[in-house]
Structure formats: C-alpha cells, structure tokens
Amino acid sequence: MDKLMSIFRRESAVIPVVSIIIGLLLGALIMLIGGYDPLLAYESLVTKIFGSSYDFGEALRSIVPLVMCGLAVGIAFRAGLFNIGVDGQIIMGSVGALLVGTKLSLPAPFHAIVAVIFGAILGGLWGALVGYIKAKRGINEVITSIMFNFIALYLSHYLIRYFMPQAGTQRSAMIQESASIQIGWLSELMGGARIHWGFLLTILAVIFYSIYLNRTKWGYELRAVGLSPDAAEYAGMKVSKVMVRTMFISGVFGGLVGTFEVLGVFKYIAINSVTSGLGFDGIAVALLGGNSALGVLLSGMLIGALTYGSQGMSFGAEVPGEIIRMVIGFIIFFVAAPGIVRLFFRPLFHKMKKKV
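Since the model is a prediction, treat every value here as computed from it, not as a measurement.

J.: If you had to explain the environment of Ser180 to someone new, which residues and values would you point to?
T.: Relative to the helices and strands, Ser180 is located in the loop between α7 (141-163) and α8 (184-189). Ignoring any residue separated from it by four or fewer positions in sequence, one finds Ser180 in contact with Ala112, Ile175, Leu263 and Lys267. A polar contact is formed between the side chain of Ser180 and the backbone nitrogen of Gln182, at a distance of 3.2 Å.

J.: Break down the side chain of Asp87 for me, with residues and values.
T.: Here Asp87 is to be found in helix α5 (residues 86-103). Although buried, Asp87 forms no salt bridge, and the nearest oppositely charged side chain, Arg325, lies 11 Å from it. There is a polar contact of 2.7 Å between the side chain of Asp87 and the side chain of Thr275. Leaving out residues up to four positions away in the same chain, Asp87 has contacts with Asn149, Thr275, Ser276, Gly277, Leu278, Gly279 and Phe280.

J.: Go over a nonpolar patch on the surface, please, and point to the residues and values.
T.: A cluster of nonpolar side chains, namely Trp197, Phe199, Leu200, Leu201, Ile203, Leu204, Ile207 and Ile211, defines an oily patch on the protein surface of about 710 Å² accessible area. Examined against the element boundaries, Phe199 turns out to sit in helix α9 (residues 198-215). The partly exposed category is assigned to Phe199, whose relative accessible area is 39%.

J.: Which residues make up the packing of helix α6 (residues 110-137) against helix α12 (residues 239-266), and what are the values?
T.: Where α6 contacts α12, the two axes come as close as 6 Å, and the packing angle between them is 145°. Between α6 and α12 lies a crossing whose hand is right-handed. For the contact of α6 with α12, a count of residues per class yields 17 nonpolar, nine polar and two charged.

J.: Describe in detail the pattern of salt bridges, supporting the description with residues and values.
T.: Counted under the stated rule, the structure contains seven salt bridges. A salt bridge links Glu58 to Arg61; the nearest nitrogen and oxygen atoms lie 2.9 Å apart. Taken as a pair, Glu58 and Arg61 lie in helix α4 (residues 53-78) at a separation of three residues, close to a single helical turn. Its relative accessible area of 13% is what places Arg61 among the buried residues. Between Arg325 and Asp281 there is a salt bridge whose closest N-O contact spans 2.9 Å. Of this pair, Arg325 sits in helix α15 (residues 322-336) while Asp281 is found in helix α13 (residues 278-288), placing the two residues 44 residues apart along the sequence. A network of salt bridges, in which partner residues are shared, links Glu58, Arg61 and Arg194.

J.: Go over the packing of α5 against α12 with me, naming the residues and quoting the values.
T.: The contact between α5 and α12 brings their axes to 6 Å, and the two run at 55°. Looking at the two axes, α5 sits oblique to α12. Handedness of the crossing formed by α5 with α12: right-handed. Across the interface between the two elements, Val86, Gln89, Ile90, Gly93, Ser94, Ala97 and Leu98 of α5 pack against Met247, Ser250, Gly251, Gly254, Gly255, Val257, Gly258, Thr259, Val262 and Leu263 of α12.

J.: Could you give an account of the nonpolar core, with specific residues and numbers?
T.: Formed by 92 residues in total, the largest nonpolar core has its most connected members in Met68, Leu71, Ile75, Phe253 and Leu263. Contact partners of Leu71, with chain neighbours within four places excluded, come to Ala205, Val206, Tyr209, Phe253 and Val296.

J.: Report on unusual backbone geometry, specifying residues and quantitative values.
T.: The residue after Ala108, namely Pro109, is reached through a cis peptide bond having omega 0°. Note on placement: Pro109 falls in the loop between α5 and α6. Phi at Lys267 takes a positive value of approximately 70°, unusual for a residue other than glycine. For Lys267, the position within the fold is in the loop between α12 and α13. Relative accessible area serves as the criterion here: at 13%, Lys267 is assigned to the buried category. Positive phi, normally seen in glycine, also occurs at Asn291, with a value near 60°. As for its placement among the helices and strands, Asn291 is situated in the loop between α13 and α14 (293-316).

Reading the values: rules and limits
- Residues numbered from 1 in each chain as written.
- Predicted model: local features only at pLDDT ≥ 70, side-chain atom pairs only at ≥ 80, totals over all residues.
- Heavy atoms only, no water.
- Helix = DSSP H or I, 4+ residues; strand = E, 2+ residues; numbered from the N terminus.
- Contact = heavy atoms within 4.5 Å.
- Polar contact = N/O pair within 3.5 Å; in protein donor to acceptor, adjacent residues only side chain to side chain.
- Buried < 20%, exposed > 50% of the residue type's maximum accessible area, 1.4 Å probe, protein only.
- Lys, Arg positive; Asp, Glu negative; His and termini not counted.
- Salt bridge = Lys/Arg side-chain N within 4 Å of Asp/Glu carboxyl O.
- Patch = residues over 30% accessible without salt bridge, like charges linked within 9 Å, V, L, I, M, F, W, Y side chains within 5 Å.
- Areas by Shrake-Rupley, 256 points an atom, 1.4 Å probe, with all protein chains shown as cover.
- Axes fitted to C-alpha atoms, helices over the stretch in contact; angles between N-to-C directions.
- Left-handed = near helix turned anticlockwise from the far one by under 90°.
- Nonpolar A, V, L, I, M, F, W, Y, C, P; charged D, E, K, R; others polar.
- Parallel < 35°, antiparallel > 145°, perpendicular 65-115°, else oblique.
- Core = buried A, V, L, I, M, F, W, Y, C linked by side-chain atoms within 4.5 Å.

And the structure:
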C-alpha cells in the first residue's frame, strides 16, 4: 500500500490529475461563454454513464478499444517509434476476424478463438511490415504507417465487396454465431449492452504490457532502443529486430481492437470512406497515461467515459459533444506541456518533493 501511495505522490502522477482538473474547468468556462450550464452538463455526463445498466455496460464497451489503442501506441513510443498506423492495423485485424467468422465453419468457442488469433496476427504483421521498412530502409514510420492506413482501408473494401458482401448493402455479411465473443448472459443482465470477452483480454493485455516492458529481456532491449538506438547497438542489441518485434506487438494490440469490434460488437464491417479514428485517440490515451500500463488503463477509462458521457450532455443540457473533445484536448495539452502546470502549482510540487 505504501508503494502504491508513493506512486500517486510523484510529480509524474500529479501532473495528469491537475491537467484533468484544468481541462474540466476550461470546458466549464467555454460552456458559460456559450450560454450553457456547466453543472447541468457535467451532471448529465455522469448520469449518462451511470444512469442505467445498459449505459454503464456500453461505457465499459467503449473503453476497451481506447485502452488497447493506447497500449498499441504506447509500446511503440517506448521503443522510440511513432505508430500512427493503428487504424490500419485495426482494419486488418477486423478483416482477419471477418474472414474466419464468415468463411470457416467451426464449433464454438473454438471458432471465436481462431478468429481472434488470426485477426491479431494479421494486425501484427501489418505493423511489423512498417517496422521492417523502418529498420531495413530507414524510411520514417510515420509516413509509411499513414500510407498503410489507406492501403488497409481500400484493401478491406475490395475483400468485402468480392468475397464477403451482404447483397444490397454497403457492408459485409454477418459472422456466424459460433464466432461471436459476446457474453450473452451478461449482455441480457445489463439491458442489452454489447459486453464481450474483449474486456477480459484487455485486462490481460495491460498485465502483459507491464510485465513485458519491465520484467523481460526483450522489454529491456525495447526501452534501451527507445532511449538511444546507437547506444543499444553499441551494447550488442539488434536494433532492427527490436523495431520489427515491437511494431508486431503494437500491431497485435491494434488488430485485437478490430477483432473485438467485429466479433463482439457489430458482427460485420461497414464500408466507410474513412478509418475509425480510434488509433488517433490511442495517441491521446498513451500521452495522458505516460506510456505506462496503469496510466494507459486509467486514461483510456477517462477518455472513454468522457466520450460516451458526452451524449448525455447533448440531450440533458443541449451542449455540443465537441466541447468534450475540447476538454480532452486541453487535458492532453497540459500533460504535454508540464512546465505550465508546474508554473501554477510550484508550491505544491515543492511540498511533495520534501515529503518523498
């Protein structure tokens, strides 16, 4: 317990908390300027999340992909890589899960397990390809991963239209019920909320992330490469392998998001002209969480709750949902600029350093 409390007394933990408070206060100020009632808005937000078992279940469901995307971006950050292609890895994971879910006939739950594994591997390979191009050709991963997002998007359109179409619609065929990862009895208990096994897998992914980074040789190499690739190479580490391996794991996290959405939520893929944007939200989650396992989990819960609760603000207080995006933006800004937070709260940090 003392060790846990020491974590929350550190400046690195206080800055995000202070940033959240400032973000909420600035959001309230904007609402006042716009003629809205901030107290009613935030009350409506909380009511939307906790007002019914259905809403609470859907809020939990919306948190899962954000945490996974945060892990995908965070592990790449720790290796000095900027994986902005998580959206593409999500698409490839969803396509892999859809292929298995629609084209194979296997008994449950084996069918679902195969679909999840295949989707995760496909997402991982899509990420590893970006890492390989970076390691072997020196091409910036930001450029290649953005390009791969669009390649994945239009490749998925082709595969859906020609191999898995739903006649007369702009979406794929439905997966077979044996491939579903939805928890039927829990969904019924929570008023029809789309609860699935991805929630448990997300918790396991957070634990894996922490152990892999802090307790394994590969994790040590990853952190060393992130701090200084030249020093890591001088120490005998194979930097190119670390990059490819890290991007594969990052892609697996992204691919799992796609499998969860297909197998546990929608059970099909819609043909859209743009990507989901979840991968970009993952950047915010990773930054707010400091790329740590616990931080990503907590920041994913916060951003997921704010995003889902913003629907309540729209109906309960007629506040545009975009204001919540501004609040999230304020929070990320102050986390990314800790000097501003220290400037206003210097006495608090000085007192904390004396205690620790």
